[in-house]
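# Structure assessment
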Amino acid sequence: MSAPSLRWCLVGASDFAATSIAPAIAAQPDAVVASVVSGDRARAQALADGWDARGYDDLAKALDDPAIDVAYVSSINSRHYEHALAAINAGKHVLCEKPLALSVAHAQGLVDAAARAGVVFATNHHMRNSVPHELMRRAIAAGDIGTPVAAIVQHAVQLPAAAQRWRTTDPDAGAGVALDITVHDVDSLRFVLDDDPTTVQAYTSSGLMTQPGIDETIMGTAEFGRGTHVSFLESFVTGHTATRLDILGTDGALLGTGIQSMSPVGTLTHVRGHDHTPVDLGEREDLYTVGVRRFQAAVRGEGTPAATGADGVWSVAFALAALRSARTGRRENVRHSR
């Protein structure tokens, strides 16, 4: 007998919810999009109509529906905390977009609230569902490249006009590349290294695409707990080369080209001396379909989500420390606790 369908409420009628998460939910044999909430009722209903769902402009009313099991939060960054907390307090399991909040205290507050409510709370860090990232993690854990000495992550894109809006103009909304992309890259590093960042020094620039003072490019260095040194670059304004995630060890290296992506693309190469061996990545699946499936399994008590709420707290802490460093000109500690 198949499991009953989990009914999802999309909190935020974002383009991303429409193009990536709603299809990922529909791809599950045991899930349906049941409702959509937006401050713009017409926008909510337009998205809801595509899934035979109901549109709302009142979050409390949508969450009051006892048939709703899960809330997916993809409103603007500054409202993630408010909307996720409302869903948690309504007894719903929550899959939340990054950043979880605009402060470490609020991000941790969501984790604590979910624990008290007995609901699953997860962060939508999609690259944990990527085959090359999983294989990198396994190879590093197995000692295939010896001790990781350094890592390089580069994730520069040209942000599409449709995605710019508040991301480039409104600091109060949580604008900027650090809260949009750096959060994903540090989570990828934490995942593959199975380690946490301790310090960061960063530099930012603005003004080509963003309003002055809003970070559109960030570059920096970080140190992780077991001594791995990291360099990172994220940008909204240059997308003319492949993304990369490289881990350099004492006995070899893992070179991931094009894998810092929303899609299951790119290559992975294992380097030892002069030997460059392509890693067989096998069949790859849509990253969000995998993520939703893993989240739903966790809701049913079968394991944990790909990225937990605690993982989301770490990515907020790192991004905020990087932005703090850019302001102070000093290396900053990554303050994971309140």
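Keep in mind that what you see is a predicted model, and the values were worked out from it rather than measured.

What follows deals with the overall build of the chain. Secondary structure summary: the chain contains 10 helices and 15 strands in total. Taken over the C-alpha trace, the chain has a radius of gyration of 20 Å; the compact-globule value for 338 residues is 20 Å, and the two agree within 12%. When its C-alpha atoms are laid out on the principal axes, the chain stretches across 60 × 50 × 40 Å. For the chain, the share of sequence-separated contacts (at least 6 apart) that also reach a separation of at least 24 residues comes to 67%. Of the roughly 14300 Å² that the chain leaves accessible, carbon and sulfur atoms contribute 51%.

Our next topic: the nonpolar core. Grouped together as the largest cluster of nonpolar side chains are 68 residues, with contacts concentrated most on Val-94, Phe-121, Leu-189 and Ile-247. Look past the residues within four positions of Leu-189 in its chain and what remains in contact with it is Ala-151, Val-153, Asp-194, Phe-224, Val-230, Leu-245 and Ile-247. Of all hydrophobic cores here, the second largest spans 26 residues; its members include Ile-21, Ala-22, Ile-25 and Tyr-288.

All right, on to the sheet that holds strand β1 (residues 6-11) then. An order of β3-β2-β1-β4-β5-β6 is seen for the six strands of this open sheet, with the pairing classed as parallel. Each edge of the open sheet carries a strand with a single partner, namely β3 (54-56) and β6 (121-123). Along the sheet, successive strands turn relative to each other by an average axial angle of 25°, direction set aside.

Let us now look at the sheet that holds strand β15 (residues 332-333). Within the open sheet, the nine strands sit side by side as β14-β13-β12-β11-β7-β10-β9-β8-β15. Their pairing is mixed. Unpaired on one side and paired on the other, β14 (275-278) and β15 mark the two borders of the sheet. Bridging between strand β8 (residues 197-205) and β15 involves two bridges; their strand directions are antiparallel. Bridge pairing in β15 links Val-200 to Glu-332. Contacting β7 (148-156), β11 (244-249), β12 (253-257) and β13 (267-272), helix α6 (residues 131-141) runs over the sheet at an angle of about 10° to β11.

This structure, assessed with the given rule, holds one cavity of 30 Å³ or more. Estimates place the volume of the largest cavity at around 90 Å³. Lining of the largest cavity is provided by 14 residues; of these, Leu-95, Thr-123, Asn-124, Asn-129 and Gly-291 occupy positions nearest its centre. A total of four residues in the lining of the largest cavity trace back to one element, the largest contributor, which is helix α9 (residues 287-299). Split into classes, the residues belonging to the lining of the largest cavity amount to nine nonpolar, five polar and no charged.

A few words on helix α4 (residues 80-89). Within α4 the residues assigned to the buried category are His-80, His-83, Ala-84, Ala-87 and Ile-88. One face of α4 carries all of its buried residues, which in axial projection span an arc of 135°. Where α4 is buried, its residues touch β1, α3 (59-63), β4 (70-73), β5 (93-96), α5 (104-117) and β6. Positive phi shows up at Gly-91, right after α4, with a value of about 85°.

Our next topic: the pattern of salt bridges. Evaluated as defined, the whole model comprises 17 salt bridges. A salt bridge links Arg-335 to Glu-332; its shortest N-O distance comes to 3.9 Å. On the basis of relative accessibility, which here comes to 48%, the residue Arg-335 falls in the partly exposed class. Counted as one network, the salt bridges with shared partners bring together Arg-128, Asp-187, Arg-190, Asp-196 and Asp-311.

Let us look at the layout of surface pockets. Considering only enclosed or pocket space, the largest pocket measures out at about 1200 Å³ in volume. As for the largest pocket, its lining consists of 45 residues, of which Ser-14, Phe-16, Trp-166, Arg-167 and Asp-180 are closest to the centre. Taken together, the elements giving at least two residues each to the lining of the largest pocket come down to α1 (15-26), α4, α7 (161-169) and α8 (178-193). Of the residues forming the lining of the largest pocket, the biggest block, five residues, is contributed by α7.

Quick notes on the rules
Residues numbered from 1 in each chain as written. Predicted model: local features only at pLDDT ≥ 70, side-chain atom pairs only at ≥ 80, totals over all residues. Heavy atoms only, no water. Helix = DSSP H or I, 4+ residues; strand = E, 2+ residues; numbered from the N terminus. Rg over C-alpha atoms; globule rule 2.2 N^0.38 Å. Contact = heavy atoms within 4.5 Å. Areas by Shrake-Rupley, 256 points an atom, 1.4 Å probe, with all protein chains shown as cover. Core = buried A, V, L, I, M, F, W, Y, C linked by side-chain atoms within 4.5 Å. Buried < 20%, exposed > 50% of the residue type's maximum accessible area, 1.4 Å probe, protein only. Pairing = 2+ DSSP bridges. Axes fitted to C-alpha atoms, helices over the stretch in contact; angles between N-to-C directions. 1 Å grid on protein atoms, 1.4 Å probe; cavity = no way out; pocket = protein on both sides within 12 Å on 5 of 7 lines; lining within 4 Å. Points joined across faces, edges and corners; volume = space filled by probe spheres on them. Nonpolar A, V, L, I, M, F, W, Y, C, P; charged D, E, K, R; others polar. Arc of directions from axis to C-beta. Salt bridge = Lys/Arg side-chain N within 4 Å of Asp/Glu carboxyl O.

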